[in-house]
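Understanding the architecture of this molecule
Okay, here's what each chain looks like letter by letter:
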Amino acid sequence: MYISLQGISKQYASVWAIDRVNMAIAKQEFVSLLGPSGSGKTTLLRVIAGLEKPTEGRVLIDGQDVTELPPHKRGVAMVFQEFLLFPHRTVRENLAFPLRMMKMPKAEMDERIDWALGILSLQGLDGRYPNQLSGGQQQRVALGRGLVGRPKVLLLDEPLANLDRELRQEMEVEIRRYQMKLGIPFIYVTHNQEEALSMSDRIAVVNKGHVEDFAERTTLYDKPKTAFIAQFVGRSNKFEGKVTAADGGSCTIDAGGLSLTASGNGGLKPGDAAFAFVKNEKVALAPEGFVGEDNSLPCTVRDVILRGAYAEYLLETSDGLGLVASRPRSGEGPSIGHAVVAHWASGDVDLYPVKPDLGLRR
Amino acid sequence: MAKGNIARKLQKPALIGTMLICYLFLYLPILHIGLGSVSKNYSFPYPPQLTWATFEKLAENTLYQTALGNSLLIGVLTALLSTLLACLATMGLLRHAGRHTVKFLILFIAPLFVAEVLLGLSSLIFNGLFLQLGGNLFSAILANTVHCFSYALLIIATQLYRYDWRLDDAAMVFGATPLRTFFEVTLPLIWPGLFGAFIVCFIMAFNNLEISFYLLGATPTLPSVAWGALRYGIKPELYALASGVNVVVFLVLGVMFVLMRTGAVRFGHKPERERSAI
Ligand SMILES: Nc1ncnc2c1ncn2[C@@H]1O[C@H](COP(=O)(O)OP(=O)(O)OP(=O)(O)O)[C@@H](O)[C@H]1O
Ligand SMILES: [Mg+2]
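Procedures and definitions
- Residues numbered from 1 in each chain as written.
- Chains lettered and ligands numbered in written order.
- Predicted model: local features only at pLDDT ≥ 70, side-chain atom pairs only at ≥ 80, totals over all residues.
- Heavy atoms only, no water.
- Helix = DSSP H or I, 4+ residues; strand = E, 2+ residues; numbered from the N terminus.
- Contact = heavy atoms within 4.5 Å.
- Near = heavy atom within 4 Å.
- Polar contact = N/O pair within 3.5 Å; in protein donor to acceptor, adjacent residues only side chain to side chain.
- Areas by Shrake-Rupley, 256 points an atom, 1.4 Å probe, with all protein chains shown as cover.
- Pairing = 2+ DSSP bridges.
- Donors = N, O, S within 2.8 Å, 3.2 Å for Na, K, Ca; no water.
- Buried < 20%, exposed > 50% of the residue type's maximum accessible area, 1.4 Å probe, protein only.
- Buried area = accessible area lost by both parts, 1.4 Å probe.
- Salt bridge = Lys/Arg side-chain N within 4 Å of Asp/Glu carboxyl O.
- Nonpolar A, V, L, I, M, F, W, Y, C, P; charged D, E, K, R; others polar.
- Domains from an automatic or database assignment.
- UniProt positions renumbered as here; feature names shortened; annotations may be inferred.
- Axes fitted to C-alpha atoms, helices over the stretch in contact; angles between N-to-C directions.

Position of Asn70(B) among the secondary structure elements: in helix H3 (residues 62-96). If sequence neighbours within four positions are ignored, Asn70(B) has contacts with Leu137(B), Thr219(B), Pro220(B) and Thr221(B).

This is the structure:
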């Protein structure tokens, strides 16, 4: 593997910001680190960049152990969460910085900079100072500064956080394109699951300093390995209850009076506390009186939220249990106040044992 | 209503008057010496009778010239040394001291509270006993640096406190060695602080009497010569020297003002001004 993180931990005073992280990343790969705020994503990037020395573990880049190497000898580049453009340098000078450090000849340097200005639509702004640019423009300069030097790895720390939605989606496509063109691994930090899902080959879900799962994006979405991933990736209905019956093929859970059937038992035994997740888009709606699939639940439509191509139906059972169903908007859906039956296949129920939350390693 | 009007009308003249009084308070003594230096009767130049006599005397007086040279040397070298040391100390303090910052800071600025006379005396004894340095210029520069260092540290710390060290991280990730990072990124952004510290240290060391007095022995400096002149009668050379130094200071200020106005020199980075320039 091109990059390999072996048992990386980082301790700050009393907390472990990252805890025994193992990852192996191939040369052509686009990897996202997805996790909530404070989960240790930035710290992990800083360890890879050499700005932070891991308390434990080793970092290997291109077969070389770089754990002891200072950042300027690692040949990596980073797009910082706060941009960190040099305020006393113009856009062009900012872009030239990595190239000057490489002692690149002037002509080649100009060519590279013009290429970066071009792909990032920054032409005409090259004489400006960072504080004369909008947030989005600064972000693009930061991205350009990461790309011009053709580094061994590009580390990106939420580079699109400050852009509006339209520009963000445009940039997602562009970033993915540069990654494929340059053929170097990108490690992309985000707390936005859509961003991670749209660009990455593989996604590592980071939670409280450890990697919950590092898997292909489809696997991660369709077969979440832990309750945390099921909750964090995609939008799901969450149920908490007790297992009433379990055999090899299926499992029944009693969640506050509601009986759920799931295929597979997730290693659970009767009497165990369990979480069950059903993705919003797996919940289908049928007219009142419908019986059939493994799980069906009579509900009333409380509200309908329009999301463009699909609509979210906020449902409520007679017991006051809330439920969300996302359906494509084809034809007339049920409207507010209508009685419907929400139903889903037992195969669409993801089951996890309820584990005590251990929090950060101390 | 009428009362309010009068108050408002008086406001502006009152402001201007206060300003004038302040300026007179500040500059009358200097003007008096200046006038004296170019007058026949330098001790009471009213009405003035212009002559360059005092300056001619100064040009002949080697004691005053040596004193000026020595003071300049002490000023410049002390300022350089204290600024350099204070810059290194501040960087260490802000980057690496972590939660011990305040403790270290207090130890660094404690010399401020040692009386100058005491500092001069103890430096004389220490330098003589342990460094085998008799009373000479070098010894005086060291002792002045001890004193100026703390001021320089305070001035530089206020500037560096606002500095975002992550800019250094960015430079290093993009291939700059720590030294290169300092000269390419840190220094261009913090030099106004260093410059301010240099100027303050220079002025303090240039004018210092108490510390230098103990360490210089017979080597003259401007303050010591001026002090001596008090006892042996104020000579016309002193007038010329005082106004000469003042003229140089005002010239330097004037040049800096022009340079800043034309934009040839910028004091640090002024985001607001640049933003409004587009
Ligand atoms: N220099 C530091 N000293 C002490 N604790 C730190 C330091 N840097 C980070 N931490 C702690 O480490 C944990 C992880 O921080 P990190 O910045 O890596 O989170 P993150 O996942 O990047 O969050 P965000 O999405 O908000 O940027 C946090 O609890 C943070 O408080
Ligand atoms: Mg972060």
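With that settled, consider the site of ligand 1. Residues and elements named next belong to chain A. Every residue close to ligand 1 is listed here: Tyr 12, Ala 17, Pro 36, Ser 37, Gly 38, Ser 39, Gly 40, Lys 41, Thr 42, Thr 43, Gln 81 and Glu 158. A distance of 2.8 Å separates an oxygen atom of ligand 1 from a polar backbone atom of Gly 38. For ligand 1, an oxygen atom lies 2.5 Å from a polar atom in the side chain of Thr 43. Protein contact buries 61% of the 640 Å² of open area that ligand 1 shows by itself.

Time to look at the pairing of strand E2 (residues 15-25) of chain A. Residues and elements named next belong to chain A. Bridge count between strand E1 (residues 3-12) and E2: seven bridges; the pairing is antiparallel. For Leu 5, the partnering residue across the bridge sits in E2 and is Met 23. Here E1 folds back onto E2 in antiparallel fashion, the turn holding two residues, of which Ala 13 has a positive phi close to 45°.

Here we take up the coordination of the magnesium ion (ligand 2). Residues and elements named next belong to chain A. Around the magnesium ion (ligand 2), the donor atoms from the protein are Thr 42 (OG1) and Gln 81 (OE1), and they sit 1.9 to 2.5 Å away. Separated by 39 residues along the polypeptide, Thr 42 in helix H1 (residues 41-49) and Gln 81 in the loop between strand E6 (76-79) and helix H2 (91-101) bring together distant segments of the chain. On the basis of relative accessible area, Gln 81 is assigned to the partly exposed category, the value being 33%.

What follows concerns the interface of chain A and chain B. Counting from both sides, the interface comprises 27 residues of chain A and, opposite them, 24 residues of chain B. Taken as a group, His72(A), Met101(A) and Asn131(A) account for 25% of the area that chain A buries against chain B, more than any other trio of residues on that side. Taken together, the links from chain A to chain B amount to four salt bridges. Note that Arg89(A) is salt-bridged to Glu184(B), the shortest N-O span being 3.1 Å. The interface formed by chain A and chain B holds six residue pairs in polar contact (both at pLDDT 80 or more) in total. Among the secondary structure elements, those contributing two or more residues to the side of chain A that touches chain B are H1, E6, H2 and helix H4 (135-148) of chain A. With four residues, H2(A) is the single largest residue contributor to the side of chain A that touches chain B. Residue composition of the side of chain A that touches chain B, by class: 16 nonpolar, five polar and six charged.

Let's shift gears to the side chain of Asn94(A). Structurally, Asn94(A) can be placed in helix H2. Each residue touching Asn94(A), except ones within four places of it in the same chain, is listed here: Leu85(A), Phe86(A), Arg89(A), Pro130(A), Val141(A) and Arg145(A).

This paragraph deals with the domain arrangement of chain A. All names here are of chain A. By domain assignment, chain A separates into domain 1 (3-228) and domain 2 (235-353). Its C-alpha centre places domain 1 at a distance of 38 Å from the equivalent point of domain 2. Of the residues lining the interface, six residues belong to domain 1; the matching set on domain 2 comes to seven residues. Buried area between domain 1 and domain 2, summed over both chains or domains, comes out near 570 Å², and the portion from carbon and sulfur atoms is 43%.

Glancing now at the environment of Arg261(B). With respect to the helices, strands and loops of the structure, Arg261(B) is situated in helix H11 (residues 236-262). When the C-alpha positions of Arg261(B) and Tyr46(B) are compared, they lie 38 Å apart, and in sequence the two are 215 residues distant.

Another aspect to go through is the UniProt feature "transmembrane region" (unreviewed entry) in chain B. All names here are of chain B. Under the feature "transmembrane region" (unreviewed entry), the UniProt entry names residues 12-35, 72-94, 106-131, 137-161, 182-206 and 238-260. With 100% helix and 0% strand, residues 137-161 has its two end C-alpha atoms placed 34 Å apart. As annotated, residues 182-206 has a helix share of 100% and a strand share of 0%, and its two end C-alpha atoms lie 29 Å apart.

The step from Tyr46(B) to Pro47(B) runs through a cis peptide bond, and the omega angle for that step is -5°. For Pro47(B), the location among the structural elements is in the loop between helix H1 (2-37) and helix H2 (53-60). A positive phi angle is found at Ser121(A), which is not glycine, with a value near 50°. Its place among the elements puts Ser121(A) in the loop between helix H3 (106-119) and H4.

Residues and elements named next belong to chain A. Spatial ordering of the open sheet is given by E6-E7-E8-E3-E9-E10, a layout of six strands whose pairing is mixed. Two strands lie at the open edges of the sheet, namely E6 and strand E10 (210-216), each paired on one side alone. Shown here is a sheet whose adjacent strand axes are inclined to one another by a mean of 15°, direction ignored. Where helix H5 (residues 165-182) meets the sheet, its contacts fall on strand E3 (30-34) and strand E8 (186-190), and the angle it forms with E8 comes to roughly 160°.

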